[in-house]
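# Report on the structure
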Amino acid sequence: MLWLVFFNQNQGLSLNFWQQKEQLPAPVSYSKAVRAAAPAVVNVYTKSTTQDPRSYQSRTIERQELGSGVIMNAQGYVLTNYHVVYGADQISVALQDGRVFDAVLIGQDQLTDLAVLYVEADNLPVIPQDASLEPQVGDVVLAIGNPFNLGQAITQGVISATGRAGLSPANGYADFMQMDAAINAGNSGGALINSNGVLVGINTAAFQRQRNQDIQGIFFAVPYRLASNVLQKLIQHGRVIRGYLGVSGDPVVNPAGDLMISTAQTLFGVKISAIEPLSPAAIAGLQVGDVLQKINGETLTSVHHALDLIAETPPDTTLQMSIERGGKTLTVPVVIRELN
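Figured I'd write up the structure that's included with this text.

Rules of the game
- Residues numbered from 1 in each chain as written.
- Predicted model: local features only at pLDDT ≥ 70, side-chain atom pairs only at ≥ 80, totals over all residues.
- Heavy atoms only, no water.
- Helix = DSSP H or I, 4+ residues; strand = E, 2+ residues; numbered from the N terminus.
- Buried < 20%, exposed > 50% of the residue type's maximum accessible area, 1.4 Å probe, protein only.
- Contact = heavy atoms within 4.5 Å.
- Areas by Shrake-Rupley, 256 points an atom, 1.4 Å probe, with all protein chains shown as cover.
- Expected span 1.5 Å × (residues − 1).
- Pairing = 2+ DSSP bridges.
- Salt bridge = Lys/Arg side-chain N within 4 Å of Asp/Glu carboxyl O.

### Focus: the overall build of the protein
The number of helices and strands found in the protein is 5 helices and 23 strands. Of all 340 residues assigned to the protein, the portion counted as buried reaches 39%. Nonlocal contacts in the protein, meaning residues at least 24 apart in sequence, comprise 59% of its contacts between residues at least 6 apart. Accessible area of the protein: about 19,100 Å², with a carbon and sulfur share of 50%.

Here you go:
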């Protein structure tokens, strides 16, 4: 064995056996993000009573459910899921610091599965938010909630689809943010945050299995921008007011009506395929086969773009619809009504 002897002027004789301590990199940790966001994620407990339909005598059944919620501002507004509080007679909110408050249901929106609660309290922790944030596919996300009432828990995953921010009625799972951070019973209504602790969505659902298929790692959240938009409307009106036109349409790439099959293609317009009777579109004189190209001068980029422009228009507002019909460009004024 080779022994090396070094003389240190200050410390004397020292031995080196070629055993240098390896410098390990700092472990990857999201603890800072969790500390920033977790206090603003609350437990939501509901109670409801129903009459037992199987009983010959009047018998009341009391049901207790649980979920999660997110404190969105210091005024006491809490965002959660519609299905968490639907039909509840009593709602309680429990903070991570041990405080428990009765909550008032301000409003709910079934189409986005969102509801807003209000608690009267001081010194509330608020979830970090960034209205300019653009989540990307591949971003690391953390889901915070209260699964199975076991206490607050965090699961980690990545975004695989970013969803949409518009108010038009959701087209199934495709309009939600998709990720693989696990959401279990009790997580619904909790926060989905990025690695900086900033809110990117409200956890809402797991993909529903069909025919006993073993499907894993597919979970959904309402994108933050949509959730924030719904929050403001529910606070102002107690419900989400959406504009209604009454048409169905398909994206086309030319006047001949060839369907758009790739996002690389340029949209020519939205070809109307059906019009509901007595709808604003029918009353205004729009026809099946018309190609809608602009709304109030704004060129359409997709079917969803058109639907969102209409949904976000206040009822009784007149929109100028630029259409192509039989080789001619026409402008048709349409009075938007409220979607019921």
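### Details of the side chain of Ser-68
As for its placement among the helices and strands, Ser-68 is situated in strand β4 (residues 60-71). Excluding its chain neighbours within four sequence positions, the residues that come into contact with Ser-68 are Val-42, Val-44, Thr-80, Gly-145, Asn-146, Gly-186, Asn-187, Ser-188, Gly-189 and Gly-190.

### A short note on helix α3 (residues 224-237)
Taking 1.5 Å of rise per residue, the 14 residues of α3 would be expected to cover 20 Å, and the 20 Å separating its terminal C-alpha atoms lies within 8% of that figure. Taken residue by residue, α3 has Tyr-224, Leu-226, Ala-227, Ser-228, Val-230, Leu-231 and Leu-234 as its buried positions. One or two steps after α3, the chain reaches Gly-238, where phi turns positive at roughly 80 degrees.

### Quick look at the pairing of strand β10 (residues 140-145)
Here β10 lies mainly inside the structure; 5 of its 6 residues are buried. Two strands pair when backbone bridges link them, and β10 and strand β11 (residues 153-161) are joined in this way by 6 bridges, in the antiparallel orientation. By the bridge assignment for β11, Ile-144 is matched with Ile-154. As judged from the 4 bridges shared by β10 and strand β13 (residues 191-194), these two strands associate in the antiparallel manner. What sits directly across from Ala-143, in β13, is Leu-192.

### What to know about the pattern of salt bridges
Under the defined criterion, the tally for this structure stands at 7 salt bridges. Measuring nitrogen to oxygen at the nearest pair gives 2.8 Å for the salt bridge that ties Arg-63 to Glu-65. Judged by relative accessible area, which is 47%, Arg-63 ranks as partly exposed. Residue classification places Glu-65 among the partly exposed residues on the basis of a relative accessible area of 37%.

From the geometry alone we can't say anything about function, so treat these as descriptive.
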